[in-house]
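Coordinates in review
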Amino acid sequence: MTKAIVTGGAGFIGSHLVDELLSKGTEVFVIDNFSSGNSSNLNPNAKLFNIDIGDFQIKSLIQELKPDALFHLAAQADVGRSVGNPSEDERVNINGTINLLQGCVEASVPKFIFSSTSAVYGNIQRDIITEKESTTPSSFYGLSKLAAEYYIRLFYELFGLRYTILRYANVYGPRQLPKGDGGVVSVFLDRIKRAELIKVHGDGEQTRDFIYVKDVVSANIASLHKADGKTLHISTGESISINNLLKLIEGIHRLPIKKENAPSRTGDIRHSCLSNQLAKEYLQWQPDVPLLEGLRHAYLK
Ligand code: NAD
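Residues numbered from 1 in each chain as written. Predicted model: local features only at pLDDT ≥ 70, side-chain atom pairs only at ≥ 80, totals over all residues. Heavy atoms only, no water.

1. Examining the pairing of strand S6 (residues 163-168)
Consecutive residues of a regular strand have side chains that alternate between opposite faces of the sheet. Burial of S6 is extensive: 6 of the 6 residues sit out of reach of the surface. Neither face of S6 is left uncovered, since the one carrying Tyr-163, Ile-165 and Arg-167 and the one carrying Thr-164, Leu-166 and Tyr-168 both have all their residues buried. Pairing geometry for strand S5 (residues 112-117) and S6, over 6 bridges, is parallel. Bridged to Phe-114 within S6 is Ile-165. Following the backbone out of S5, through helix H5 (residues 140-159) and into the adjacent parallel S6, one traces a crossover that is right-handed. Taken together, the 5 bridges between S6 and strand S11 (residues 230-234) define a ladder with parallel strand orientation. Looking at S11, one finds that Tyr-168 is bridged to Ile-234. (Buried < 20%, exposed > 50% of the residue type's maximum accessible area, 1.4 Å probe, protein only. Helix = DSSP H or I, 4+ residues; strand = E, 2+ residues; numbered from the N terminus. Pairing = 2+ DSSP bridges. Right-handed = clockwise from strand over helix to strand, strands pointing away.)

Here's what the structure looks like:
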């Protein structure tokens, strides 16, 4: 691949993807309005377009750049914010996605790769979730990402825009802001560094499937020429409780951590573990970074 657009390339996951694409010799164009991204994340070798994905100029920009693929990561990805401001979620995550899809169709972009989320499933009680599971989001964030997925599939049906949808479990790693979808690792590490009390929402027995950011990047890159028309989990297929996660972090920190329990949050999911069998099959991909090793990288960042 010679040219790629990465929306959200100044954000946590997007900036790691940009680094990896550049290291492979790809020319990278970043579209980001810095609503949650940071210029310090952004690789200076990427060409930046500081505009909103909902902007009317997007279509002519995609037409002008004519990328070989568009990786769509820009989003309002903060679950709490989505509950307080559903319209903003809809504007960015649904309308912004439609704007990009139209731009890609008009410019005949060969591939659209979308960052979706386990939040599309909501609060379902399963030991492990497969892609066949019904989707019943319990936050406006999950709902807006699910709606975006449906638009992407219809853009393929109606206009032939090839796509892969990647539903991530909880992503963690360096550059993650202490908030947003799946930000619990960075929230804990941030508090520890400031020697502040850690608030564990609920009883701490809620479980999550944590995937290291580099593994998410490799799944995006694997999607370039594979898994057309597929919706795949990018996850480890293993889960850990928040209480046990804290124990691992405590072991890395080598000092006791101050913690207390706080009320559960609206829209929070009790258990989340995603099967990654389909991604292994269609992308010939697998997660490489064990949790303890990934946590060490995130801790040392
Ligand atoms: P992030 O907030 O760090 O990155 C999002 C980026 O998009 C930021 O740089 C932000 O400035 C940019 N952006 C937001 N709205 C924009 C707009 N209207 N126009 C242009 N740019 C805009 O989030 P992240 O954690 O890196 O997430 C990246 C993607 O992965 C998102 O689509 C998110 O829904 C998805 N995801 C993340 C996780 C996770 O655990 N972090 C889990 C599942 C899915």
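2. Some points on the packing of helix H4 (residues 86-106) against H5
Running from amino to carboxyl end, H4 crosses H5 at an angle of 20°, the nearest separation of the two axes being 9 Å. On the basis of their axis angle, the class for H4 and H5 is roughly parallel. The interaxial crossing formed by H4 with H5 has right-handed handedness. Contacts from Pro-86, Asp-89, Asn-93, Ile-94, Thr-97, Ile-98, Leu-101, Gln-102 and Val-105 of H4 reach H5 at Phe-140, Tyr-141, Ser-144, Lys-145, Ala-147, Ala-148, Tyr-151, Ile-152, Phe-155 and Phe-159. Along the lines of polarity and charge, the residues of the contact of H4 with H5 split into 13 nonpolar, 4 polar and 2 charged. (Axes fitted to C-alpha atoms, helices over the stretch in contact; angles between N-to-C directions. Parallel < 35°, antiparallel > 145°, perpendicular 65-115°, else oblique. Left-handed = near helix turned anticlockwise from the far one by under 90°. Contact = heavy atoms within 4.5 Å. Nonpolar A, V, L, I, M, F, W, Y, C, P; charged D, E, K, R; others polar.)

3. Description of a nonpolar patch on the surface
On the surface, Val-83, Phe-140 and Leu-143 cluster together into a nonpolar patch covering about 230 Å² of accessible area. Tracing the backbone through its elements, the reader meets Phe-140 in helix H5. Taking the relative accessible area as the measure of exposure, Phe-140 reaches 37% and is therefore partly exposed. (Patch = residues over 30% accessible without salt bridge, like charges linked within 9 Å, V, L, I, M, F, W, Y side chains within 5 Å. Areas by Shrake-Rupley, 256 points an atom, 1.4 Å probe, with all protein chains shown as cover. Salt bridge = Lys/Arg side-chain N within 4 Å of Asp/Glu carboxyl O.)

4. Focus: the packing of aromatic side chains
As enumerated under the stated definition, the model contains 5 aromatic pairs in all. Seen from their ring centres, Tyr-172 and Phe-210 are 6.3 Å apart, and the 85° between their planes marks the pair as edge-to-face. Of the two residues, Tyr-172 is situated in strand S7 (residues 170-172) and Phe-210 in strand S10 (residues 210-212); the sequence distance between them amounts to 38 residues. Within the aromatic cluster, the residues linked to one another by ring pairs are Tyr-172, Phe-210 and Tyr-212. One Lys or Arg, Arg-153, reaches over the ring of Tyr-150 and ends 5.3 Å from the middle of that ring. One cation-aromatic arrangement involves Lys-193 over Tyr-299; the distance from NZ or CZ to the ring centre is 5.4 Å. (Phe/Tyr/Trp six-rings, centres within 6.5 Å; stacked < 30°, edge-to-face > 60°. Lys NZ or Arg CZ within 6 Å of the ring centre and 35° of its normal.)

5. Overview of unusual backbone geometry
If you check the backbone angles, Arg-254 has positive phi at about 65° while not being a glycine. For Arg-254, the location among the structural elements is in the loop between helix H8 (242-253) and strand S13 (259-262). Even without a glycine there, the phi angle at Gln-284 is positive, about 45°. Inspection of the secondary structure assignment puts Gln-284 in the loop between helix H9 (277-283) and helix H10 (291-300).

6. Here's the deal with the domain arrangement of the protein
One can read the domain layout of the protein as domain 1 (3-171 + 211-235 + 275-287) and domain 2 (174-207 + 239-270 + 293-300). Computed from C-alpha atoms alone, the centre-to-centre distance between domain 1 and domain 2 is 25 Å. In this complex, domain 1 contributes 21 residues to the contact, which on the side of domain 2 involves 15 residues. Between domain 1 and domain 2, roughly 1,500 Å² of surface is buried when both sides are summed, and carbon and sulfur atoms account for 49% of that area. (Domains from an automatic or database assignment. Buried area = accessible area lost by both parts, 1.4 Å probe.)

7. Thoughts on H8
Relative to the 16 Å expected for 12 residues at 1.5 Å per residue, H8 spans 16 Å between its end C-alpha atoms, a close match to the ideal helical length. Where H8 ends, the next residue or the one after it, Arg-254, has phi of about 65°, a positive value. (Expected span 1.5 Å × (residues − 1).)

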